[in-house]
Amino acid sequence: DKINAWLSTLLREKGQDIYRCKGVLSVQGMDSKFVFQGVHMVFQGEPQQPWGKDETRVNKLIFIGKKLNREELVASFQSCLDS
């Protein structure tokens, strides 16, 4: 799974600088929202409630930390989605 690999790599490389992360992901082929949270290199995520019939499926990610480059994070996440 590309998103899992992306998050694993990100936490391995930047985990010391990530104080907290959380988000909701729209995963292709999954009818439920994938909700995750993490602290430093500890990560937990699982499918939650299904997307609503008229609800727009979006990806929302929040990272709190130091020495994090927003543009790099967005670009690397986008490349994960594009590949």
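The structure under discussion appears in the preceding block.
These notes cover the structure that comes with them.

Procedures and definitions
Residues numbered from 1 in each chain as written. Predicted model: local features only at pLDDT ≥ 70, side-chain atom pairs only at ≥ 80, totals over all residues. Heavy atoms only, no water. Helix = DSSP H or I, 4+ residues; strand = E, 2+ residues; numbered from the N terminus. Rg over C-alpha atoms; globule rule 2.2 N^0.38 Å. Buried < 20%, exposed > 50% of the residue type's maximum accessible area, 1.4 Å probe, protein only. Contact = heavy atoms within 4.5 Å. Areas by Shrake-Rupley, 256 points an atom, 1.4 Å probe, with all protein chains shown as cover. Lys, Arg positive; Asp, Glu negative; His and termini not counted. Charge placed at Lys NZ, Arg CZ, Asp CG, Glu CD. Pairing = 2+ DSSP bridges. Axes fitted to C-alpha atoms, helices over the stretch in contact; angles between N-to-C directions. Patch = residues over 30% accessible without salt bridge, like charges linked within 9 Å, V, L, I, M, F, W, Y side chains within 5 Å. Salt bridge = Lys/Arg side-chain N within 4 Å of Asp/Glu carboxyl O.

Some thoughts on the overall build of the protein
Secondary structure assignment for the protein yields 2 helices and 4 strands. For the protein, the α and β elements follow one another from N to C terminus as α-β-β-β-β-α. Computed over C-alpha atoms, the radius of gyration of the protein comes to 13 Å, within 12% of the 12 Å expected from 2.2 N^0.38 for 83 residues, which places it in the range of a compact globule. Residue burial in the protein is summarised as follows: out of 83 residues, 28% are buried. Partitioning the contacts of the protein with sequence separation of at least 6, the portion at a separation of at least 24 is 50%. Total accessible area computed for the protein in this model is approximately 5800 Å², and 51% of it derives from carbon and sulfur atoms. Charge-centre separation for the protein: the mean point of 12 positive side chains lies 5 Å from the mean point of 10 negative side chains.

Notes on the sheet that holds strand 2 (residues 32-39)
A sheet is described by the order of its strands in space; here 4 strands give the open sequence 3-2-1-4, paired in antiparallel fashion. The sheet terminates laterally at strand 3 (42-50) and strand 4 (60-65), the two strands that pair on one side only. Taking the axes of each pair of neighbouring strands and ignoring which way they run, one obtains an average angle of 10° across the sheet. Note: strand 1 (residues 18-25) against strand 4, 6 bridges, orientation antiparallel. Residue Val24 lies in a different strand from strand 4, and its bridge partner there is Lys60. Each of strand 1, strand 2, strand 3 and strand 4 is contacted by helix 1 (residues 2-14), which is oriented at about 170° to strand 1, the strand it contacts most.

Some thoughts on a nonpolar patch on the surface
On the surface, a nonpolar cluster with roughly 280 Å² of combined accessible area is contributed by Tyr19, Ile62 and Ile64. Looking at the element boundaries, Tyr19 is found in strand 1.

Description of the pattern of salt bridges
The full count for this structure, using the stated rule, is 1 salt bridge. The salt bridge partner of Glu55 is Lys33, with a shortest N-O separation of 2.9 Å. Residue Glu55 is found in the loop between strand 3 and strand 4, and its partner Lys33 is found in strand 2; the two are separated by 22 residues along the sequence. Under the relative-accessibility criterion, Lys33 is labelled buried at 12%.

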